[in-house]
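Understanding the architecture of this molecule
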Amino acid sequence: MTAPLRYLSAYSPELQQQARELLSGGRLAPWLLARHPQAHGKRNDGALYAHVEALRQAHMRQTPRLDRVCFDSKLHVVQHALGLHTRVSRVQGNKLKAAREIRVAAVFRDAPLPFLDMIAVHELAHLREREHDRAFYRLCTHMLPDYHQLELELRLYLTHLEAGGERLWAAPSVD
């Protein structure tokens, strides 16, 4: 019996077998690097906020602005948390204040832009749709048409990391 591929458990046995063959043959990392040759370059929380806010403006203008978007080193991919969205409501005097924030696992600071977009779109969609249902995924693919392909590729990368592989994208040099 082969070890389960935690990040690919929802995919077909055929796809899981293909992933195992790529992984065991040392071909998964080169395949990912060929598909996504460089990291995104969003090195700080300000750049990340601007990027995610631009996505929100382009696709979800009716959704209130985000109060905070940041990389979070406490989010662990091992616990299946790639990103996190929160809504905090508190009373200040006679007013109800709501804060909306998105946190992205720090491992994605050095990742390709399409992976970062996939996580951002996923968390933005949760601002409108709480459950992972048909409406949620329809919104994700509206914002990012190749959402499902990117989710698979990101899960393949996480499988590579879980198998002891090195991080594939170094931080881009700042000139």
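Anyway, here's the lowdown on the structure attached to this text. (Residues numbered from 1 in each chain as written. Predicted model: local features only at pLDDT ≥ 70, side-chain atom pairs only at ≥ 80, totals over all residues. Heavy atoms only, no water.)

1. Concerning the side chain of T63
Put simply, the rule is: Under the scheme used here, helices are H or I runs from DSSP no shorter than 4 residues and strands are E runs no shorter than 2 residues, and both carry numbers assigned from the N terminus. Each residue is assigned to one of three classes by its accessible area relative to the maximum for its type, calculated with a 1.4 Å probe on protein chains only: buried under 20%, partly exposed between the two thresholds, exposed over 50%. Residue contacts are defined here by distance: any two heavy atoms, one from each residue, within 4.5 Å place the two residues in contact.
Turning to its location among the elements, T63 is positioned in the loop between α3 (45–59) and β1 (68–72). What makes T63 buried here is its relative accessible area of 9%. T63 has contacts with R56, L127 and R128, leaving out every residue within four places of it along the chain.

2. Comments concerning the side chain of E101
Counted only if it meets this: By the criterion applied in these results, polar contacts are pairs of N or O atoms within 3.5 Å in which, for protein atoms, one can donate a hydrogen and the other can accept it, and in which residues neighboring in sequence qualify only through two side-chain atoms.
Within the fold, E101 resides in strand β3 (residues 95–105). Take E101: its relative accessible area is 18%, and that puts it in the buried class. There is a polar contact of 2.7 Å between the side chain of E101 and the side chain of R103.

3. Concerning the packing of aromatic side chains
Applicable threshold: Paired rings are identified among Phe, Tyr and Trp, the last through its six-membered ring, by centres lying within 6.5 Å, and are further divided according to the angle between planes into stacked (under 30 degrees), edge-to-face (over 60) and tilted (the rest).
Within the structure shown, the criterion is met by five aromatic pairs. For the pair F136 and Y137, a centre-to-centre distance of 5.0 Å together with 85 degrees between the ring planes defines the contact as edge-to-face. Exposure remark for Y137: the relative accessible area of 24% places this residue in the partly exposed category. Look at Y157 and W169: their rings are 4.8 Å apart centre to centre, the planes differ by 70 degrees, and that puts the pair in the edge-to-face class.

4. Describing α3
The condition is simple: By this rule, a helix spans an expected 1.5 Å times one less than how many residues it contains.
A rise of 1.5 Å per residue sets the reference length of α3, with its 15 residues, at 21 Å; its end C-alpha atoms lie 21 Å apart and thus fit the reference within 8%. Along α3, the residues that are buried comprise L48, Y49, H51, V52, E53, L55 and R56. Where α3 starts, the residue carrying a side-chain oxygen 3.1 Å from the main-chain nitrogen of G46 turns out to be N44.

5. Let's talk about the nonpolar core
Condition: To define a nonpolar core, start from buried Ala, Val, Leu, Ile, Met, Phe, Trp, Tyr and Cys residues and group those joined through side-chain atoms within 4.5 Å.
Core analysis: the biggest nonpolar cluster contains 46 residues, and V52, L66, V104, F108 and L124 have the highest contact counts within it. Contributing elements (two or more residues each) for this core: α2 (28–35), α3, β1, β3, α4 (113–128), α5 (134–143) and α6 (147–162). Here this core gets nine residues from one element, more than from any other, and that element is α4.

6. A few points about the packing of α3 against α4
The line we're drawing: Note on geometry: axes are C-alpha line fits, over the in-contact stretch for helices, and angles between N-to-C directions span 0 to 180 degrees. Orientation is classified from the angle alone, with under 35 degrees giving roughly parallel, over 145 giving roughly antiparallel, 65 to 115 giving roughly perpendicular, and any other angle giving oblique. Take the far helix as your reference; a near helix turned counterclockwise from it by less than a right angle gives a left-handed crossing, and one turned clockwise gives a right-handed crossing. Residue polarity is assigned by list, with Asp, Glu, Lys and Arg as charged and Ala, Val, Leu, Ile, Met, Phe, Trp, Tyr, Cys and Pro as nonpolar; anything else, Gly included, falls into the polar class.
Running from N to C, α3 and α4 point in directions that differ by 60 degrees, and their axes come no closer than 10 Å. Looking at the two axes, α3 sits oblique to α4. Of the two elements, α3 crosses α4, and the hand of that crossing is right-handed. Counted together, L48, H51, V52, L55 and R56 of α3 and L113, L116, D117, A120 and L124 of α4 form the full contact between these two elements. Considered class by class, the residues forming the contact of α3 with α4 number seven nonpolar, one polar and two charged.

7. A look at α6
Residues lying three or four places apart along an α-helix face the same way, a consequence of the helix completing one turn every 3.6 residues. The first and last C-alpha atoms of α6 sit 22 Å apart over 16 residues, in line with the 22 Å expected at 1.5 Å per residue. All of the buried residues along α6 are Y147, L150, E151, L152, E153, L154, L156, Y157, L158, T159 and H160. Positive backbone phi, approximately 95 degrees, marks G164, located one or two places after α6.

8. A short note on the pattern of salt bridges
Counted only if it meets this: By definition here, a salt bridge exists when the distance from a side-chain nitrogen of Lys or Arg to a carboxyl oxygen of Asp or Glu is within 4 Å.
With the rule as written, the count across this model stands at eight salt bridges. E162 is paired through a salt bridge with R6; the nearest N and O atoms lie 2.3 Å apart. With E162 in helix α6 and R6 in the segment before α1 (13–24), this pair connects stretches of sequence that are 156 residues apart. A relative accessible area of 37% places R6 in the partly exposed class. Connected via shared salt-bridge partners are E53, R56 and R65.

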